[in-house]
Every structure is written in structure tokens, then in C-alpha cells.
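Listed below are the residues making up each chain.
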Amino acid sequence: MAVCASPAHAGPFTLGPLTTASGLSPFAPGCGGPGEAAPGSVVFQNAEVETHVAVNPTNSANVVAFWQQDRWSDGGSHGNLAGYSSDGGVTWSHSAPRFSRCAGGAGLGEAGDYERATDPWLSFSPNGRLHAITIGFDNSTARNAILAAYSDTGGATWSTPRVLRFDNPRAVGNNFNDKETLTADPFDSSLVYATWQRIVSPSESSSQKAYENSASFASTAWFARSTNGGESWEPARPIYKEHGSLTQTIGNQVDVLPDGTLINGFDLIHAATNRHGTRGYDVALVRSPDKGVTWSREIVVDRLLVDDVTDADTGHAIRTGDIIPDWAVDRSSNPSTRGNLYAVWMDARFNDLDHNDILLSRSTDGGLTWSAPVVADHAPRGVDAFNAMVDVDSQGRVAVSYYDFRNDRPGDGVLSTDVWVTHSHDGGQTFPDESRLTSASFDMRTAPDAGGYFVGDYSGLDHFGTTFHPTWVGANDGNTVNRTDVFHRTAQ
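Here the structure is a predicted model, which means the values were calculated and not measured.

(A) Summary view of the packing of aromatic side chains. What the rule picks out here adds up to 13 aromatic pairs. Relative to phenylalanine 266, the ring of tyrosine 240 lies with its centre 5.2 Å away and its plane at 25°, an arrangement referred to as stacked. Of this pair, tyrosine 240 sits in strand β13 (residues 237-240) while phenylalanine 266 sits in strand β15 (residues 262-270), and the two are 26 residues apart along the sequence. Residue classification places tyrosine 240 among the buried positions, given a relative accessible area of 4%.

Encoded structure:
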């Protein structure tokens, strides 16, 4: 009988020092121009939200985080700012691709002259070229675009942005490109993939700001590909649309299997029809055997049965990535797990139905069939866990990071929040231990209020070898001048 190899390290993570990747904003108040704010808009100057992270596959010391800087209450930020490190995340410097006026995009037109920016995402090519993607948009007009740039200096400097898709509908908010991600092919530095949802409003008079995280409109999964390392991009095109009205995909994300097959995973939303009991949310994907030229019909992983997250004392909303799954592929050298595909999402089915766990499902056949989901987090019953991220290291260990409120005490005047990372040594079947990434709980009520207390729809989780790099946003308790920062530490 064959004996399967297992990762050498099967105990709790050893954590590195906690460091702060961000600082005070380099963007001046008003830098977006006279149209950047609508009546009632509030900008949280110096506040960072929604970070992503990538580690250079050619240099383990080069870690880059990317986040929204100076979050607005009604959507987006002054610009997306990068923090780059050349010593493994111990110290950080800052740069900004020119995706917005505040970040230097004034005068670039469709390539960067926007009042706001949102949804930062990063990915390294195997040759060490770093790719970044963002949505640039205006508050005062309907202009919006998917923008990408690259860095050959580890995040210190950036190319002129490339426009993957631009929309300027005649009626405000008629078409909006949202929730984009970018994936550099891990086997071919010439190939880079981007995907997002393009929302089409049924009303010519709809407000542009109504789009954020809305399930009320129809949307299509769009895709763009570069075959020359991000120098230029093929014309963007739709690759998946569910039939019927009031349907959407959100959280589209490409990953690459060891045989080169692409998957595009997303949340499939049926807001109206209930054919075959499908109303609501499904974790789903489509596959491409030819690097994005053609795509399959959808494959459903499982239902996504999420419940709203609120402050238990006040009922105030906590804005989370509640309807956005995350995906990871095992491209390790572990023969017993290589090729596994993992999906994680927020779900209340195994909790008390008013609170969410983090569920993980595994596919061992390239996404064609899926295991029953298991609970990955260690939050007690009756406590929300949220904003799940998943990654797989070179030994095949599966790491999942998340926030939760387990240390909150009712009535004490703060909403105590922590960030955790757990990992599986058996291909995502069990998650026996976890590590607390935050050195002390932070008060979520200090975070920007943007449709609810908000640290982001996602955080960052990447690896080099057997070292994971979780990166997240936490609040600075009671500090209204500098409400949040981006934090990083290693786990191995």
C-alpha cells in the first residue's frame, strides 16, 4: 500500500513580528478635484481599508501590499496605495500606481484621471513582474474603468496604467465595472488574466453609488487577457451570464490548475427566479482549457447561506465580504494534494443561523466535483467569523485567515475584533489549530463607516515556500485622525 507524503510541520504556526505596512496618507484632502464629494460624502482621511498582498516568487524578501487609502463613506477612496518591503515585511515604503487623480493620474484621461479608486488587487508573474489592478471612477460623472499597471521594481515604481475596459454611459450609473481581480499565470510570465462583473442597471436614472455590493441589477462576468506580460491587453469580453433577470456574478477570480486549466470562481446570484430552488447565492465556477479563449457552463460548488453581520450591542451594520468567496489551488510538490482546488466563504448553516462560520470545500478533480463543506474557523457558536481568505504553501498546507468577535464583551463600549489564521495538514479536511494574528483586539467601531463599519471586503494572504504572509486592516482604537492601518506578519 502506498504511503502518502504529508507536510513536515504539523503543529501550530510560528508567527513573525507584527509590523505596520501603512502610515499617514500621502494624498492631500481634496486631491480628487471639485467633484470628488457629493452632499453628505465623508472622507476618512488617513484611513486604510481592503488590503491585498503578493510575495515575489523570485525574491522572498519582496512583499507588496495594496490597499484603499482615505476611504469615502459612499464608495471608493482617494487612491489605491502600495506598501512594498525588501526585508520580508519588517519595514515598508510606499508608492501608488496612477489609477486616480490623487495618485498622479490627472491628465491621463481614461488611463487614470478619476476622482476615486477602489478594489485593489495584486499578482506576481513567475519572472518577478508585479501586476496591479483597480477600478477608477468618478463621483460626479458616470465614467468608470478597469485599470492595470505593472512594476519591475518590486512595487517601488509603476508603468503607465492600461485601460482594460472603459464605460461612460449617457445616463449616470447605467453601466459599472465592479469587483475586479487579476491573476498572473504562475507558469508563463507572458500571460495575465483579469476578471470582473459589469453591472447593467435597469433604470436610466439610477444613482451610480447604488451599485456597490448590490444584488438588484443584472451583471455579466467579464474577462481580459494579456499575452505580453501586461504591456497590452486583448479586448475585454463577457465570458458568463446567467439567464433571466436580476441575476449577477460577483467576486470573480481566476486561478490556474497545475495542468494549465483556468477556473473563474464567483458568487452566482439569483435575485428573482427560484427555478429548482436557486434563488439566493451559489458558490460557482467556470473552466477554460485554453487559457481563457473558451469557457464552460457553470459548475455549482454549494449554496452560500450567509447572514448579515451586526454589532451585537447596537445593531449597527458591519460591512464584510459576505457574498464573496475566495479560491486557491495546490501547486505544491506534495503528491497527495497537488492539484486540489479550494473555495472558502461565509455561511451560517452550521452556526445558529444568525452568525457565520468560514466554510471550505475541496475539489480533487479540477473543480468538476466538490466535497461537502467543513468549518475552518475556531470561533465559538454564536460568534461571527468573516472575510475568509485561503492559500496553499509549497508543502500543500492549506491556510485560512479570518476576522471574528470572540473576544467581544457585551456592553463594554467597544466591539473587540481579532484576526486569526488556521491551517490544514490533510488537504483541507480538518483544521485542528489556529493562531491569533492580532496582538490585542481592536475596536471595530473606530473603523470607517461605509455602509457599516468597514475594514474591507477581503484581506491579504500569500506565501513563499512554507511561509505565509497574512496582511489585514485593523483599527486604532478611538483614533479618529488615523482610524485604521494595514498590518502584516509571517506564519510558518
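There is more to say, and it comes next.
(B) Fine view of the state of the cysteines. Tallied over the entire structure, the rule returns one disulfide. With its sulfur 1.9 Å from that of its partner, cysteine 31 forms a disulfide with cysteine 102. Taking the sign of the S-S torsion, 95° for the link of cysteine 31 and cysteine 102, the bridge is right-handed. With cysteine 31 in the loop between β1 (19-20) and β2 (43-55) and cysteine 102 in helix α1 (residues 101-105), the pair connects residues that are 71 residues apart, well separated along the chain. For cysteine 31, a relative accessible area of 23% translates into the label partly exposed. With a relative accessible area of 13%, cysteine 102 lands in the buried category.

(C) Molecular detail of the pairing of strand β21 (residues 357-363). For β21, the buried fraction is high: seven of the seven residues fall into the buried class. The sheet contact formed by strand β20 (residues 341-347) and β21 spans seven bridges and is antiparallel. Looking across to β21, one finds that alanine 343 is bridged to serine 361. Bridge analysis of β21 against strand β22 (residues 374-375) gives two bridges, and the strand direction is antiparallel. Considered in β22, the bridge of leucine 360 is made with valine 374.

(D) A look at the confidence of the model for the chain. Chain-level pLDDT for the chain is 93 on average; 91% of the residues reach the 70-or-more range. Ranking the helices and strands of the chain by mean pLDDT puts strand β3 (residues 63-72) first, with 99, and strand β12 (residues 218-226) last, with 94. Predicted confidence for residues 1-8 stays below pLDDT 50, and this span has ten contacts to residues more than four positions away or in other chains. Within the model, the stretch residues 203-216 combines pLDDT values under 50 with 43 contacts to residues more than four positions away or in other chains.

(E) Region of the structure containing the sheet that holds strand β17 (residues 299-303). Spatial strand order, β14-β15-β16-β17: four strands in an open sheet with antiparallel pairing. Edge strands, defined here as strands with exactly one partner in the open sheet, are β14 (247-256) and β17. Neighbour to neighbour, the strand axes of the sheet diverge by 25° on average, direction disregarded. Direction of pairing for β15 relative to strand β16 (residues 280-288): antiparallel, over a ladder of nine bridges. When the sheet's bridge partners are listed, asparagine 264 is paired in β16 with valine 286.

Criteria and cut-off values
- Throughout, a residue's number is its position along its own chain's written sequence, starting from 1.
- Local features in a predicted model are, by the rule used here, given only for residues with pLDDT of at least 70; side-chain atom pairs are given and counted only at 80 or more, and totals for whole chains, interfaces and linings are based on all residues.
- Side-chain numbers here rest on the full set of heavy atoms in the structure, without hydrogens or water.
- Note on ring pairs: Phe, Tyr and Trp rings are taken, using the six-membered ring of Trp, and paired if centres are within 6.5 Å. Classes follow the plane angle, with under 30 degrees stacked, over 60 edge-to-face and the rest tilted.
- Secondary structure follows DSSP: runs of H or I at least 4 residues long count as helices, runs of E at least 2 residues long count as strands, and numbering of each begins at the N terminus.
- Buried, partly exposed and exposed residues are distinguished by accessible area as a fraction of the type maximum, computed with a 1.4 Å probe on protein chains only: under 20%, between the cut-offs, and over 50%, respectively.
- Here, two cysteine sulfur atoms that lie within 2.5 Å of each other are counted as a disulfide.
- We call two strands paired when DSSP finds no fewer than two bridges between them.
- pLDDT: the predictor's confidence for each residue, scored from 0 to 100.
- In what follows, residue pairs with any heavy atoms lying within 4.5 Å of each other are defined as contacts.
- Think of each axis as a best-fit line through the C-alpha atoms, taken over the contacting stretch in the case of a helix, with angles from 0 to 180 degrees between the N-to-C directions.

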